[in-house]
Amino acid sequence: MGFDKFGGTGAGGVSMRKQETDIVVVGAGNIGISVAYHVKAMAPTKHVVLLDRGQPLSFTSAQSGENYRNWWPHPVMKRFMDRSIELMEGLAAETDNRIAMTRRGYALATRQANIEAYLGELQECYDETPERGLRFHGEAREPRYEESVTSDQAGAMEGVDIVTHSGLVQRVFPWLDREVRTVIHIRRGGDISGQQLGQIMLERFRELGGARETAEVVNIASNGRFALDLRDGSTITSEVLVNAAGPFVNAIAGMLNLELPIRNVVQQKLAFEDSRGAISRRMPFTIDLDPQFLDWDEEERDLLLQDPRMARFAGEMPGAIHCRPDGGEKGTWIKLGWAFNEEPTEASFEPNFDDSFPEIVLRGAARLHPKLKAYYGRLPRGAVHYGGFYTMTEENWPLIGPMGMDGAFLAGAMSGFGTMAACAAGELCAKWVLGRPLPDHAGALSLQRHDDRALMDDLTDRANKGLL
C-alpha cells in the first residue's frame, strides 16, 4: 500500500487526497505510539499510519505522573504491568537510560497495625519466595530490611518488604508522620521520563518505515475497509483501524456506531520547587493509605461548609494521596497527586481544573509529610497545577483487543497508568492486530472479560481498584 493514491482539488480550492494503508492507529500518545511501533517491529512490511490531530505526546501523555509500579490488586494486572516494566527496562538498557528510569519503589504508609486487608491482595499477587515474595520486618530476629540507598534500577530488589517494627519505620522513613505504624515497600516501582519513552518508540517506528499524519478524524465509514474522513478534506482508507485516542476513544468508536464501557474523569496534580527541603530526595513514591480529615482551623471549616461546592473538603477524604521527589537525586521539585474526583465528564481539549486543588492536595499530603505545612497558603512561585482525563472502565482495567467490529481494535482506558502500561499495551494490541499468539491474560484485558461473570463479579467486589 502507498500514500497519495490520487489527488485533486475539492470545492473551494481545498486540496483533496486519498491515502491507502494497511493499518491506521488513531491517537499519538504513548499508547498509540507503542501500538504503531510494535506492529511495525513485528510486521515490517505492513504499512502503518499513526494519526493524531495534534503533535505526538502533547495531550494526556504530557500530563503523566511518570510513575510505574507492579503493585496491583489482582494477579492479571500485576502480570501485565510486570511485562511493561520488563520492556521499559530493556529500553533503558539499550539507550543508556535515556528514559531516566529510577527504582526506589513505592512506600505505602498506614497508621494501622492490622493490615490483613492489604496482605490478602499482596499474597495473591506476589510469589512466596525470598527474592520475589513478601518479607516481614516486625522483630529484630526476622530478615534484615535493606534500604534503597540508590535510585539505580540495576541490582534493585524485587518483591515486597512489610515493615511493622515502629523503630525501623522511623529510622528508615524519618520524613513520615510519627503515627505511621506500617510501611509496605513495593520494590519494583519508580519513575521514568514519559516523554522520552514515547520519543524513543516514535523514532523507532519512523526508522522502520512508519508514517505519521497530523489531521483530525471527523467521520469513519466501513464497507470492507475503513474510510477515515479528515478535517482537511482528505481521506485515509485502511484494512485495520486501531482506536488509541485516549479520552476520545468513545468518540472514535461512536463513528462506527459502537459504544464502549468507558468514562472520563478529570484528575489533577501539583508540582513545585521544594525550596524548604521538606521532602527527602531519597524518598520512594509514597502513598498515604488512610482516609483523613484535612487540616483546617474552625473558621476555615465553617467557610467550607457554607459553600456547597467546597463542603466535601470539610468531611472525611479518601486515602491514596501521594507524593514523590521529581528530577532525580539532584533535583529540587516534588509532585503531589490525589485522584479523589469521581464525577464523569465529557472529553475536551481544555479540561476544567479547580483552583482550590493546590491547597487541598497540599494539606492532604502534609499529614503524612508534616514539613509540607511550611507551604500552607504560600506555594513557591512557579508552582504548576496541571492534570488531565483518567479514561477508565468501572473496574479500572484497560481495554486492549477487538473493538466489536471486524478489523477494528482498541487500546485504551488506562486511567492514570497509561505511561507505565504503554509498552505492554502496544505489544499486546499488536499481537491482536496481527493474529499472533496471545498471553493467557489477553482476554481478561479485552472486552471479552465482560462475558466472564465470575471475573466481573470479583472485580466489582474488590474495594481496591488500583486507582491512584
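Residues numbered from 1 in each chain as written. Predicted model: local features only at pLDDT ≥ 70, side-chain atom pairs only at ≥ 80, totals over all residues. Heavy atoms only, no water.

Enquirer: Kindly report on a negative patch on the surface, identifying the contributing residues and their values.
Expert: Together, Asp295, Asp297, Glu298, Glu299 and Asp302 make up a region of like negative charge exposed at the surface. Its relative accessible area of 40% is what places aspartate 297 among the partly exposed residues. (Patch = residues over 30% accessible without salt bridge, like charges linked within 9 Å, V, L, I, M, F, W, Y side chains within 5 Å. Areas by Shrake-Rupley, 256 points an atom, 1.4 Å probe, with all protein chains shown as cover. Salt bridge = Lys/Arg side-chain N within 4 Å of Asp/Glu carboxyl O. Lys, Arg positive; Asp, Glu negative; His and termini not counted. Charge placed at Lys NZ, Arg CZ, Asp CG, Glu CD. Buried < 20%, exposed > 50% of the residue type's maximum accessible area, 1.4 Å probe, protein only.)

Enquirer: Which residues make up the sheet that holds strand E8 (residues 182–186), and what are the values?
Expert: The strand order across the open sheet built from 9 strands is E6-E7-E8-E5-E15-E18-E19-E14-E20, with neighbouring strands paired in mixed fashion. On the outer flanks of this sheet lie strand E6 (134–137) and strand E20 (384–392), each paired with one strand and no other. Between one strand axis and the next, the sheet turns by 20° as a mean value, whatever way the strands run. Note that strand E14 (residues 263–273) and strand E19 (residues 333–337) share 5 bridges and pair antiparallel. The residue of E19 that forms the bridge with phenylalanine 272 is isoleucine 334. (Pairing = 2+ DSSP bridges. Helix = DSSP H or I, 4+ residues; strand = E, 2+ residues; numbered from the N terminus. Axes fitted to C-alpha atoms, helices over the stretch in contact; angles between N-to-C directions.)

Enquirer: Let's hear about helix H9 (residues 418–434): which residues, and what values?
Expert: Spanning 17 residues, H9 covers 22 Å between terminal C-alpha atoms, matching the ideal 24 Å at 1.5 Å per step. The largest bend in H9 is about 35°, located at alanine 424. Following H9 by one or two positions, glycine 435 adopts a phi angle in the positive range, close to 70°. (Expected span 1.5 Å × (residues − 1). Bend = angle between axes of the 7 residues up to and from the residue.)

Enquirer: Would you mind going over the pairing of E20 in detail, with residue names and values included?
Expert: In terms of residue burial, E20 counts as a mostly covered element, since 7 of its 9 residues are buried. Bridge count between E14 and E20: 9 bridges; the pairing is antiparallel. Pairing of valine 266 across the sheet is with phenylalanine 389, part of E20.

Enquirer: Describe the layout of surface pockets, and please don't skip the residues or the numbers.
Expert: Volume-wise, the second largest pocket comes out at about 810 Å³. Forming the walls of the second largest pocket are 26 residues, and the residues nearest its centre are Ala320, Ala463, Asn464, Lys465 and Leu467. Of all the elements, helix H3 (residues 116–125) adds the most residues to the lining of the second largest pocket, at 3 residues. Residues that form the lining of the second largest pocket fall into these classes: 15 nonpolar, 5 polar and 6 charged. (1 Å grid on protein atoms, 1.4 Å probe; cavity = no way out; pocket = protein on both sides within 12 Å on 5 of 7 lines; lining within 4 Å. Points joined across faces, edges and corners; volume = space filled by probe spheres on them. Nonpolar A, V, L, I, M, F, W, Y, C, P; charged D, E, K, R; others polar.)

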